[in-house]
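What the coordinates show
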Amino acid sequence: MVERRAERLDQPREPRSLKLPRFDPEAFGRWSEGIARGMGTANFIVYMTVVILLWFGWNTLAPAHLRFDPYTFTFLTLMLSLQASYAAPLILLAQNRQADRDRLALEEDRRRATMQKADTEYLAREIAALRIAMGEVATRDFLRSELARLAEELDEAGQRRQRLERRQQERAAQRAAGAGDALEEPRDELDGDWARDGRPEGGG
């Protein structure tokens, strides 16, 4: 015999909940979307119109003992009312699921747009930094112009050096010629042809 558990008076009773059958919300949602998608097509309207016309024709033209829904078509009215009462929640459920998907897609698009904006701003900053850095780096044209200027300065310096060396050679030759004249004709302080500063007395 199974012993019953004694109820404690210091604790409240557990609420008795009605256990309903469980179902998969995702599967039910897909099923409702399929129904709503089917009811929103032209084929459903055509098939529904054909069924109603056949219903009207059979219950009007058929023999009286074969008519299952005579005029005023009460059973047809009941069927259409049931269809409308179930179709409206199913369509709303499908719309809610579509709205949830649209919201998730919008959030994903917003997140991607934010990431793309951040990447674009980062690339813009990097490009600006590269431009600033490139402004301080010598370019090929700048190097060419500087080398050409240095070559011109070296050519001018070489020409000046050649002119200076030529002048020095001329002065050395003049000095050598003057020294030869001095050896041929020695002069002293008593010589009247030269003054004390080494120039001829009558010279300009």
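These remarks concern the structure in this document.

Further remarks concern the overall build of the protein. Of the regular secondary structure elements, the protein holds four helices and zero strands. Ordered by position from N to C terminus, the α and β elements of the protein give α-α-α-α. Burial analysis of the protein (204 residues in total) assigns 8% to the buried set. Restricting the contact set of the protein to residue pairs at least 6 apart, pairs at least 24 apart contribute 44%.

Here we take up the packing of helix H2 (residues 42–61) against helix H3 (residues 74–135). Running from amino to carboxyl end, H2 crosses H3 at an angle of 160°, the nearest separation of the two axes being 11 Å. Between H2 and H3, the angle falls in the class roughly antiparallel. For the crossing formed where H2 meets H3, the hand is right-handed. When H2 is examined against H3, the residues Phe44, Met48, Ile52, Trp55 and Phe56 are found in contact with a partner set consisting of Phe75, Leu76, Leu80 and Gln83. In terms of residue class, the contact of H2 with H3 is built from eight nonpolar, one polar and no charged.

Attention now goes to a positive patch on the surface. A contiguous patch of positive charge on the surface is contributed by Arg160, Arg161, Arg163, Arg166, Arg167, Arg171 and Arg175. Mapped onto the elements, arginine 175 comes out in helix H4 (residues 140–184).

Here we come to the side chain of asparagine 59. Within the element layout of this structure, asparagine 59 appears in helix H2. On the basis of relative accessible area, asparagine 59 is assigned to the buried category, the value being 2%. Side-chain polar atoms of asparagine 59 contact the backbone oxygen of tryptophan 55, separated by 2.8 Å. Apart from the residues within four sequence positions on either side, asparagine 59 is in contact with Arg67, Phe68, Asp69, Pro70 and Phe73.

For the rest of this paragraph, the subject is the pattern of salt bridges. Across all of its chains, the model carries nine salt bridges by this definition. Two residues, aspartate 100 and arginine 103, come together in a salt bridge whose shortest N-O distance is 3.0 Å. In this pair, aspartate 100 and arginine 103 are both assigned in helix H3, three residues apart and thus about one turn of the helix distant. With relative accessibility at 43%, the residue arginine 103 sits in the partly exposed group. Glutamate 153 serves as the salt-bridge partner of arginine 149, at 2.8 Å between the closest nitrogen and oxygen. Linking arginine 149 with glutamate 153, this pair stays in helix H4, spanning four residues, or about one helical turn. Assessed through its relative accessible area of 38%, arginine 149 is described here as partly exposed. With relative accessibility at 39%, the residue glutamate 153 sits in the partly exposed group. Each of the salt bridges in this network shares a partner with another, and the network as a whole consists of Glu26, Arg30, Glu33, Arg97 and Arg101.

Conventions and cut-offs
Every chain begins its residue count from 1, and numbering advances along the sequence as written. Two thresholds apply to this predicted model, a pLDDT of at least 70 for residue-level local features and 80 or more for giving and counting side-chain atom pairs, whereas whole-chain, interface and lining totals are computed over all residues. Hydrogen atoms and water are omitted, and side-chain values are computed over all heavy atoms in the structure. Helix and strand assignments come from DSSP, with helices taken as H or I runs of at least 4 residues and strands as E runs of at least 2, each series counted from the N terminus. Burial status follows relative accessibility: with a 1.4 Å probe on protein chains alone, a residue under 20% of its type maximum counts as buried, one over 50% as exposed, and anything between as partly exposed. Contacts were defined at the residue level, with two residues in contact if any of their heavy atoms lie within 4.5 Å. Between N-to-C directions, angles span 0 to 180 degrees; the directions come from axes that are lines fitted to C-alpha atoms, helices contributing only their stretch in contact. Any angle that is under 35 degrees is reported as roughly parallel, and any over 145 degrees as roughly antiparallel; angles of 65 to 115 degrees are reported as roughly perpendicular and all others as oblique. Helix crossings fall into two classes, left-handed where the near helix is turned counterclockwise from the far one by less than a right angle and right-handed where it is turned clockwise. Just so you know the grouping, Ala, Val, Leu, Ile, Met, Phe, Trp, Tyr, Cys and Pro go in nonpolar, Asp, Glu, Lys and Arg go in charged, and all remaining residues, Gly too, go in polar. For patch building, the residue pool is restricted to those with more than 30% relative accessible area and no salt bridge; the joining distance is 9 Å between like charges and 5 Å between nonpolar side chains (Val, Leu, Ile, Met, Phe, Trp, Tyr). Each accessible area is a Shrake-Rupley estimate made with a 1.4 Å probe; only the visible protein chains count as cover when residues are assessed. We count a salt bridge whenever a side-chain nitrogen from Lys or Arg sits within 4 Å of a carboxyl oxygen from Asp or Glu. Asp and Glu count as negative and Lys and Arg as positive, but His and the ends of the chain are not part of the count. The location of each charge is read from NZ of Lys, CZ of Arg, CG of Asp or CD of Glu. In protein, a polar contact means a hydrogen-donor-capable atom and an acceptor-capable atom, both N or O and within 3.5 Å, with residues adjacent in sequence counting only if both atoms are side-chain atoms; elsewhere, any N or O pair within 3.5 Å suffices.

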